[in-house]
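Structural overview
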Amino acid sequence: MSSLDSLSGYIERMKRPDSLVCGVAAMMADKFDWSCLWTRVIWALAVVMNPGLGLLIYFVLALVLPKWQKSGY
């Protein structure tokens with residue numbers, strides 16, 4: 001398997017709305033109609049740049065988002 005095959009497999013996995021860890025990025029992407037891939041990329045960057053605050057917000061959202069209803073206009 002070449003590195004290109006593994007990279008494309010990783011990108012396909014990131015695009016799917018299955019939960020990774022708690023599924024916060026997938027839930028946010030679904031609720032706000034954002035791209036699942038880019039939402040996960042931004043979360044990863046936030047956690048890498050400030051791990052303590054990023055993980056705290058991530059796990060708080062993991063508790064809050066399932067209870068938050070998508071607003072219907």
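Residues numbered from 1 in each chain as written. Predicted model: local features only at pLDDT ≥ 70, side-chain atom pairs only at ≥ 80, totals over all residues. Heavy atoms only, no water.

**Describing the nonpolar core**
Threshold: Buried residues of nine kinds, namely Ala, Val, Leu, Ile, Met, Phe, Trp, Tyr and Cys, make up a nonpolar core once their side-chain atoms join them within 4.5 Å. Here's how the labels work: a residue is buried when its accessible area is under 20% of the maximum for its type, exposed when over 50%, partly exposed in between, all with a 1.4 Å probe on protein chains only. Think of it this way: any DSSP run of H or I at least four residues long counts as a helix, any run of E at least two long counts as a strand, and we number them from the N terminus. The contact criterion used is simple: two residues touch if any of their non-hydrogen atoms lie within 4.5 Å.
Judged by nonpolar contacts, Val24, Ala25, Met28, Trp43, Tyr58, Ala62 and Leu65 together constitute the single largest core of seven residues. Elements supplying a minimum of two residues to this core: helix H2 (24-32) and helix H4 (51-64). Per element, the largest residue contribution to this core is three residues, and it comes from H2. With sequence-adjacent residues up to four places away left out, Val24 is seen in contact with Trp43, Tyr58, Leu61, Ala62 and Leu65.

**A few points about the UniProt feature "transmembrane region" (unreviewed entry) in the protein chain**
Cut-off, in case you're wondering: UniProt positions are given in the numbering used here, feature names are shortened, and annotations may be inferred rather than shown by experiment.
Look at the UniProt record and you will see "transmembrane region" (unreviewed entry) annotated at residues 41-65. Here residues 41-65 is 92% helix and 0% strand, with 19 Å between the C-alpha atoms at its ends.

**Structural notes on H4**
Our working definition: Multiplying 1.5 Å by the helix residue count minus one yields the expected span of that helix. Read the arc as the range of directions from the helix axis to the C-beta atoms.
Here H4 contains 14 residues, and its C-alpha end-to-end distance of 20 Å stays within 8% of the 20 Å for a straight helix at 1.5 Å per residue. Buried within H4 we find Gly54, Tyr58 and Ala62. Down the axis, H4 shows its buried residues gathered within 75° of arc, on one side only. Turned more than 90 degrees away from the buried face of H4, the exposed residues are Gly52, Leu56 and Leu63. Where the residues of H4 are buried, they touch H2 and helix H3 (36-49).

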